[in-house]
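Chain residues, written in single-letter form:
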Amino acid sequence: MAPYYGPHQSQYCPACSSNTRRNGCTWTTLVNNIINVSKGKKHPSPDYIHSLVRTSETTDPRTPGWSVPDAVLASERYARRAGNDALRLVNRTDIGFAGVHGWNGIQLALKNMRYVMLQGDSDRFGNNTCSGAFNGNHMIGINPRTRMHNSRRQHLINDPICRTWRWEYDSIIYSYARKLVGTGPLQWAASKGRVPLVA
Amino acid sequence: MAEERTPEYTEEDLAAADAELAEAEAESETPDPDSEDLKDE
């Protein structure tokens, strides 16, 4: 048995608005969270998820993108409408992991089959990957599914600027997250429910 | 359209990232017991 992984949602989908294409990495990653935790039974559009939070309600209405708390708020509203509390996100930024800046918490969440949304600076991703097409403040989703490659562990990730999921080394994921925040806490959230196991 | 699903990095890039992660893990603490709710819904 291994964690389910569903169809990948890209922020560049044909039906995606120009706002989602330019600024929608966080709400698109929330879509990937919902797909994976619901085992594909739920697949809202990125623009629908974006509509759940008014700009005036976001943590910084002057900027078009979303923060982790904005994604959490959207997830709470979506989960309530869907009648499924497991689809909520829980903001884990600097909560209970003060000394580790989040990395141990992220590993614990993944080990316990949570889907993780993690902010970072995408210039750490190799330019020969689909993720290399963008450098800057970004959000990706991390599925609990792992594999060993070149004697190093990788996780399956959903980078919303990519057309499909891909594998990434844990150390590169850490470097991506760390670069954004320096010595501060990693910016992340975990799904309330588990990613289901499948054969 | 086919798309690579496995990134390729130089060994130097991976070694640097491994070292950064190893340093972080060496400084890490056990997650707070309050975070045990990550284990249970």
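Rules behind the numbers
- Position labels on residues start from 1 in each chain and follow its written sequence.
- To label them, take the chains in the order written and letter them from A, then take the ligands in the order written and number them from 1.
- Side-chain atom pairs in this predicted model are given and counted only at pLDDT of 80 or more, local residue features only at pLDDT of at least 70, and totals for whole chains, interfaces and linings cover all residues.
- Numbered from the N terminus, helices here are DSSP runs of H or I no shorter than four residues, and strands are runs of E no shorter than two.
- Partly exposed residues are those whose C-beta has more than 12 but fewer than 20 other C-beta atoms within 10 Å; 20 or more makes a residue buried and 12 or fewer makes it exposed, with C-beta atoms placed from the backbone.
- For the purposes of this analysis, a nonpolar core is taken to be any set of buried Ala, Val, Leu, Ile, Met, Phe, Trp, Tyr and Cys residues that are connected through C-beta atoms within 7 Å.
- A pair of residues counts as a contact when their C-beta atoms, built from backbone coordinates, are within 7 Å of each other.
- Strands qualify as paired when DSSP identifies two bridges or more between them.
- Axis geometry follows a simple rule: fit a line to the C-alpha atoms, using only the stretch in contact for helices, then measure angles between N-to-C directions, giving values from 0 to 180 degrees.
- Roughly parallel means an angle under 35 degrees; roughly antiparallel, over 145; roughly perpendicular, 65 to 115; everything else is oblique.
- Note that Gly is not counted as nonpolar here; it falls among the polar residues with everything else outside the nonpolar set of Ala, Val, Leu, Ile, Met, Phe, Trp, Tyr, Cys and Pro and the charged set of Asp, Glu, Lys and Arg.

Chemist: When you look at the overall build of chain B in this model, what are you seeing that I'm missing?
Modeler: The helix and strand tally for chain B stands at 1 helix and 0 strands. Counting across all 41 residues of chain B, residues that qualify as buried make up 12%.

Chemist: What exactly am I supposed to notice about the nonpolar core here?
Modeler: What tends to happen in soluble globular proteins is that the nonpolar side chains get buried as a cluster. Residue and element names in this part refer to chain A. Judged by nonpolar contacts, the single largest core of 51 residues is most densely connected at Ala-71, Ile-106, Val-116, Met-117, Leu-118, Trp-188 and Ala-189. Looking at this core, the elements with two or more residues in it are helix H2 (25-37), helix H4 (68-82), helix H5 (103-111), strand S3 (114-121), strand S4 (137-149), strand S5 (152-158), helix H6 (170-181) and strand S7 (188-194). Among the elements that line this core, the one with the most residues is H2, at 7 residues. If near-sequence neighbours (up to four positions away) are discounted, Met-117 is found in contact with Thr-29, Asn-33, Ala-71, Leu-89, Met-139, Gly-141, Trp-188 and Ala-189.

Chemist: Help me out: how do you make sense of the pairing of S3 of chain A in this one?
Modeler: Regular strands have side chains that alternate between both faces of the sheet. Residues and elements named next belong to chain A. Within S3, 7 of the 8 residues are buried, which leaves the element mostly enclosed by the surrounding structure. Pairing analysis gives 4 bridges linking S3 to S7, with the strands arranged antiparallel. Note on S7: the bridge partner recorded for Arg-114 is Arg-194. Judged from the 6 bridges that link them, S3 and S4 form a sheet pairing that is antiparallel. Bridging across to S4, Gly-120 finds its partner in His-138.

Chemist: I keep staring at the packing of H6 of chain A against helix H1 (residues 11-26) of chain B and nothing clicks. Help me out?
Modeler: Working note: a packed helix pair is described by the angle between its axes plus the distance between those axes. Across the interface, H6 of chain A lies against H1 of chain B with an axial gap of 8 Å and an inter-helix angle of 70°. Classified by the angle their axes make, H6 of chain A and H1 of chain B are roughly perpendicular. The segment H6 of chain A lies against H1 of chain B, with Asp-170, Ser-171, Ile-172, Tyr-174, Ser-175 and Arg-178 of chain A engaging Leu-14, Ala-17, Asp-18, Glu-20, Leu-21 and Ala-24 of chain B. Here the residues of the contact of H6 of chain A with H1 of chain B are counted per class, giving 6 nonpolar, 2 polar and 4 charged.

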